[in-house]
Amino acid sequence: MVLVVDDDEMIRRLVRAVLEADEFEVSEARDGESALQLAGEVHPAVVVLDIMMPGLDGVEVCRRLDHKKVKVVILTARDDPRLEDECRKAGADAFLTKPFSSIELLDLVAELLAA
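Read on for a plain summary of the structure.

### Re the sheet that holds strand β1 (residues 2-5)
Taken in spatial order, the 5 strands of this open sheet run β2-β1-β3-β4-β5, and their pairing is parallel. Edge positions in the sheet fall to β2 (26-29) and β5 (94-97), since each of these pairs with one other strand and no more. Strand-to-strand twist of the sheet, defined as the mean angle between neighbouring strand axes without regard to direction, takes the value 20°. Where β1 and β2 come together, 4 bridges link them in parallel fashion. Residue pairing across strands places Val 5 opposite Ala 29, the latter belonging to β2. Strands β1 and β2 of the sheet are contacted by helix α2 (residues 32-42), whose axis makes an angle of about 150° with β2.

### A look at the pairing of strand β4 (residues 71-76)
A large share of β4 lies buried, amounting to 5 of its 6 residues. In terms of handedness, the path from strand β3 (residues 46-49) via helix α3 (residues 58-64) over to β4 forms a crossover that is right-handed. By the bridge criterion, 4 bridges tie β4 to β5 in an arrangement that is parallel. For Val 73, the partnering residue across the bridge sits in β5 and is Ala 94. Crossover handedness for the path β4 to helix α4 (residues 81-89) to β5: right-handed.

### Brief notes about the pairing of β1
Burial of β1 is two-sided: the residues Val 2 and Val 4 facing one way and the residues Leu 3 and Val 5 facing the other way are all buried. Handedness of the crossover joining β1 and β2 through helix α1 (residues 9-21): right-handed. Bridge analysis of β1 against β3 gives 4 bridges, and the strand direction is parallel. Bridge pairing links Val 2 to Val 46 in β3.

### Observations concerning the layout of surface pockets
Sizing a probe to match a water molecule and rolling it over the atoms shows the empty space that remains. One number sums up the size of the largest pocket: a volume of about 160 Å³. Taken together, Leu 36, Ala 39, Gly 40, His 43, Pro 44, Arg 64, Leu 65, Asp 66, Lys 69 and Val 70 form the lining of the largest pocket. Classifying every residue of the lining of the largest pocket by side-chain character gives 5 nonpolar, 2 polar and 3 charged.

### Here's the deal with helix α5 (residues 102-114)
Between its first and last C-alpha, α5 extends 18 Å over 13 residues, near the 18 Å set by a 1.5 Å rise per residue. Those residues of α5 hidden inside the fold are in contact with β1, α1, β3, β4 and β5.

### Notes on the pattern of salt bridges
Using the criterion set out here, one finds 14 salt bridges in the structure. For Asp 66, the salt bridge goes to Lys 69, with nearest N and O atoms at 4.0 Å. Since its relative accessible area comes to 37%, Asp 66 is described here as partly exposed. Here the residues in one salt-bridge network are Arg 12, Arg 16, Glu 20 and Glu 28, joined through shared partners.

### Considerations on the environment of Leu 96
Considering the arrangement of structural elements, one finds Leu 96 in strand β5. Counting along the chain gives 48 residues from Leu 96 to Val 48, while the straight-line C-alpha distance between them is 9.4 Å. Aside from chain neighbours lying at most four places away, what touches Leu 96 is Val 73, Ile 74, Leu 75, Thr 76, Glu 104, Leu 105 and Leu 108.

Reading guide: rules and limits
Residues numbered from 1 in each chain as written. Predicted model: local features only at pLDDT ≥ 70, side-chain atom pairs only at ≥ 80, totals over all residues. Heavy atoms only, no water. Pairing = 2+ DSSP bridges. Helix = DSSP H or I, 4+ residues; strand = E, 2+ residues; numbered from the N terminus. Axes fitted to C-alpha atoms, helices over the stretch in contact; angles between N-to-C directions. Contact = heavy atoms within 4.5 Å. Buried < 20%, exposed > 50% of the residue type's maximum accessible area, 1.4 Å probe, protein only. Right-handed = clockwise from strand over helix to strand, strands pointing away. 1 Å grid on protein atoms, 1.4 Å probe; cavity = no way out; pocket = protein on both sides within 12 Å on 5 of 7 lines; lining within 4 Å. Points joined across faces, edges and corners; volume = space filled by probe spheres on them. Nonpolar A, V, L, I, M, F, W, Y, C, P; charged D, E, K, R; others polar. Expected span 1.5 Å × (residues − 1). Salt bridge = Lys/Arg side-chain N within 4 Å of Asp/Glu carboxyl O.

Here's what the structure looks like:
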């Protein structure tokens, strides 16, 4: 199970379509609060998480996830080494910058699931 979290519906649809085409089961959340609630219900193995969202941002959501049970891919439009460092300190396993390639996303998710 992969949980896709982004406030942009088009990005969620795109990521979902890419993952489902490779036969991953996918759930979606549009903000940090609903992401944490849904993560507790569906128990994803991987969370694909946007940073800039209303309410709880992706960094805070990442901090609150149980990293013993879930891997996190940060998906963001911000290409900032300081942000990447902050995300890694919050527990992120991978960092992907928008725009991204479908193959790169699939490879990251598969790699995290295999780890």
